[in-house]
Amino acid sequence: MGCILSCLKKNNGQMPLEETTEEPKVYSWDKRDRSRASDFIIDGKKGETVIKHVGSVNGEQIVIQNCQDSSIYVFDHIATVNVDDCINCNIFLGPIKSSVFIRDCKQCRVVVACQQFRTRDCFQIDTFLLCGTQPIIESSSRMKFACYRYYYSQLDSHFKSAGLSIFNNNWSNIHDFTPVPGEDLNFSYLPVDSKVEDLVPVPQGEEIESMQIKTDENNSVVPMTWGKRTKLSRESCLLVFFNDGGSGERALKFLHSIKSHDANCILVQTKEVSMGPEDARRVFGSDSYVKAVQQGPVIGIQMNGDNCVSLCQSVILELMKGTTGLVFVSQSVAAAETQIDNFYSFAEMQMGI
């Protein structure tokens, strides 16, 4: 007892603290090299061209602010991006793992692929977009959107590093938080034949040439979708490519092939999503695909155009010769309508759209 009392007196009446040699915990955010923070802030550029080359960002956050009459290119994968108070700028952003937030900007042109897209207090922003979720605009007007179209030699690997699927693109499914009743929509779609290079010109230079940049539909890493524009035909077809390790490449090969057969058969939308046995029964109306959906995420494709059901069937038969992969194709126009509604309603519910 005397020992405890003497110890309490030495520590102002409190129990003595145990000595410890344990090192303090170090968290991942404490390990980041903050000496390079300025490398990821593009601030106050006026009439300049700024290029971040492959490997210069490597998944860090980027801030672009207070720029005017400038062209800004980030050819790398990125964590998140904030764009603030920019006027009349061309902006290309490599694949973004999380979100891009554009605020208080006007008369800018943007090419971006991201998981989340949001604008606030913006005016006249033209965007070529891939977005994994529903794009959101708020207190913004004269916003125009088109499907993402771009290629450079490392872009496919940058999509993988950012965790983005080229088949999950909700570019046209815009949600306006602040619509004005009785007035025109605050957003519209760019013309189908709009060219990326007319809005965001490809930069010049020896290092840029080695990247083999292309901005046309045929070479784009992301398939060009029609989106929510008015469809050209009453006939649509659903195709679902089941995961076997090569379903993505097979889906892209199908899209290139069908375009060569009939340019008027258009790609409306795509989704890559995981399905369970009950989901398969509900969407396909049978047990035939229960095992197939358990192999991994499936890729759903909606085509539209006169006679597209029979065309899709013939192209798939040709494509699948000599392979062991499995693909679902609508067997009739009537069945396709129900199957498309079932599949995409399920996919959007799964993705929280």
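All values derive from a computational prediction rather than experimental measurement.

A. Fine view of the pattern of salt bridges. Scanning the model with the defined rule gives 9 salt bridges in all. A salt bridge links Arg 103 to Asp 84, with the nearest nitrogen and oxygen atoms 2.6 Å apart. Of this pair, Arg 103 sits in strand β6 (residues 90–103) while Asp 84 sits in strand β5 (residues 81–84); the two residues are 19 residues apart in sequence, bridging distant segments of the chain. A residue is classified by how much of its surface remains accessible, and Asp 84, at 12% relative accessible area, is buried.

B. Fine view of the UniProt feature "binding site: GTP" (unreviewed entry) in the chain. The UniProt feature table records "binding site: GTP" (unreviewed entry) at Gln 115, Gln 116, Phe 117 and Arg 118. Looking at the secondary structure, you find Gln 115 in strand β7 (residues 106–120). Non-local contacts of Gln 116, meaning those with residues more than four positions away in its chain, are made with Ser 98, Ser 99, Val 100, Cys 131 and Thr 133.

C. Summary view of the side chain of His 77. On the secondary structure map, His 77 appears in the loop between β4 (71–74) and β5. Judged by relative accessible area, which is 13%, His 77 ranks as buried. A polar contact of 3.3 Å, which involves the side chain of His 77, links it to the side chain of Asn 58.

D. Quick peek at the pairing of β4. Because side chains alternate across β4, one face comprises the buried residues Ser 71 and Tyr 73, and the other comprises Ile 72 and Val 74, equally buried. Of the pairings in the sheet, the one linking strand β2 (residues 49–52) to β4 comprises 4 bridges and is parallel in character. In the sheet register, Thr 49 faces β4, and the bridge partner there is Ser 71. Bridging between β4 and β6 involves 4 bridges; their strand directions are parallel.

E. Geometry of the side chain of Asn 169. Along the polypeptide, Asn 169 turns up in the loop between α2 (155–162) and β11 (175–176). Assessed through its relative accessible area of 9%, Asn 169 is described here as buried. A polar side-chain atom of Asn 169 sits 3.2 Å from the main-chain amide nitrogen of Trp 171. The residues contacting Asn 169, other than those within four sequence positions of it, are Leu 129, Leu 130, Cys 131, Cys 147, Tyr 148 and Val 222.

F. Structural context of the packing of aromatic side chains. According to the stated counting rule, one finds 16 aromatic pairs in the structure shown. Ring plane angle 10° and centroid distance 6.0 Å describe the contact between Tyr 73 and Phe 75, whose orientation is recorded as stacked. Taken together, a centroid distance of 6.3 Å and an interplanar angle of 55° make the contact between Phe 187 and Tyr 189 tilted. Overall, Tyr 189 belongs to the partly exposed group, its relative accessible area being 25%. Here the guanidinium or amino end of Arg 103 rests over the ring plane of Phe 101, the centre of that ring lying 4.8 Å away. Its end group placed over the ring of Trp 226, Arg 229 keeps NZ or CZ at 5.6 Å from the ring centre.

G. Region of the structure containing the sheet that holds strand β14 (residues 266–273). Read from one edge to the other, the open sheet built from 4 strands follows the order β14-β15-β13-β16, with strand pairing classed as antiparallel. Of all the strands in the sheet, just β14 and β16 (327–329) have a single pairing partner and so form its edges. The average angle at which neighbouring strand axes cross in this sheet is 15°, direction not considered. Of the strand pairs in this sheet, strand β13 (residues 236–241) and strand β15 (residues 298–304) are connected by 6 bridges, and their pairing is antiparallel. Bridge assignment links Leu 239 to a residue of β15, and that residue is Ile 301. Against the sheet, helix α8 (residues 308–319) touches β13, β15 and β16, its axis set at about 30° to β13.

H. Local environment of the environment of Lys 228. Considering the arrangement of structural elements, one finds Lys 228 in the loop between α4 (206–209) and β13. Taking the relative accessible area as the measure of exposure, Lys 228 reaches 53% and is therefore exposed. Lys 228 sits 40 residues away from Val 268 along the chain, and the two C-alpha atoms are 7.8 Å apart.

I. The nonpolar core, seen in detail. Membership of the largest hydrophobic core comes to 48 residues, with the highest contact counts inside it found for Tyr 148, Tyr 150, Phe 159, Leu 239, Phe 254 and Met 303. Per-element accounting of this core gives the leading share, 7 residues, to α8. Non-local contacts of Phe 159, meaning those with residues more than four positions away in its chain, are made with Pro 95, Ala 113, Leu 130, Tyr 148, Leu 164, Ile 166, Val 221 and Val 222. Residues Cys 67, Ile 72, Leu 93 and Phe 117 belong to the second largest nonpolar core, which totals 37 residues.

J. Region of the structure containing the packing of helix α5 (residues 247–261) against α8. Packing of α5 against α8 leaves a shortest axis separation of 10 Å and a crossing angle of 125°. The pairing of α5 with α8 is recorded here as oblique in orientation. The way α5 lies across α8 gives a crossing that is right-handed. Packed against α5, whose contacting residues are Arg 250, Lys 253, Phe 254, Ser 257, Ile 258 and His 261, the element α8 presents Leu 311, Cys 312, Val 315, Ile 316, Glu 318 and Leu 319 at the interface. Looking at side-chain class alone, the contact of α5 with α8 contains 7 nonpolar, 2 polar and 3 charged residues.

Criteria and thresholds
- Residues numbered from 1 in each chain as written.
- Predicted model: local features only at pLDDT ≥ 70, side-chain atom pairs only at ≥ 80, totals over all residues.
- Heavy atoms only, no water.
- Salt bridge = Lys/Arg side-chain N within 4 Å of Asp/Glu carboxyl O.
- Helix = DSSP H or I, 4+ residues; strand = E, 2+ residues; numbered from the N terminus.
- Buried < 20%, exposed > 50% of the residue type's maximum accessible area, 1.4 Å probe, protein only.
- UniProt positions renumbered as here; feature names shortened; annotations may be inferred.
- Contact = heavy atoms within 4.5 Å.
- Polar contact = N/O pair within 3.5 Å; in protein donor to acceptor, adjacent residues only side chain to side chain.
- Pairing = 2+ DSSP bridges.
- Phe/Tyr/Trp six-rings, centres within 6.5 Å; stacked < 30°, edge-to-face > 60°.
- Lys NZ or Arg CZ within 6 Å of the ring centre and 35° of its normal.
- Axes fitted to C-alpha atoms, helices over the stretch in contact; angles between N-to-C directions.
- Core = buried A, V, L, I, M, F, W, Y, C linked by side-chain atoms within 4.5 Å.
- Parallel < 35°, antiparallel > 145°, perpendicular 65-115°, else oblique.
- Left-handed = near helix turned anticlockwise from the far one by under 90°.
- Nonpolar A, V, L, I, M, F, W, Y, C, P; charged D, E, K, R; others polar.

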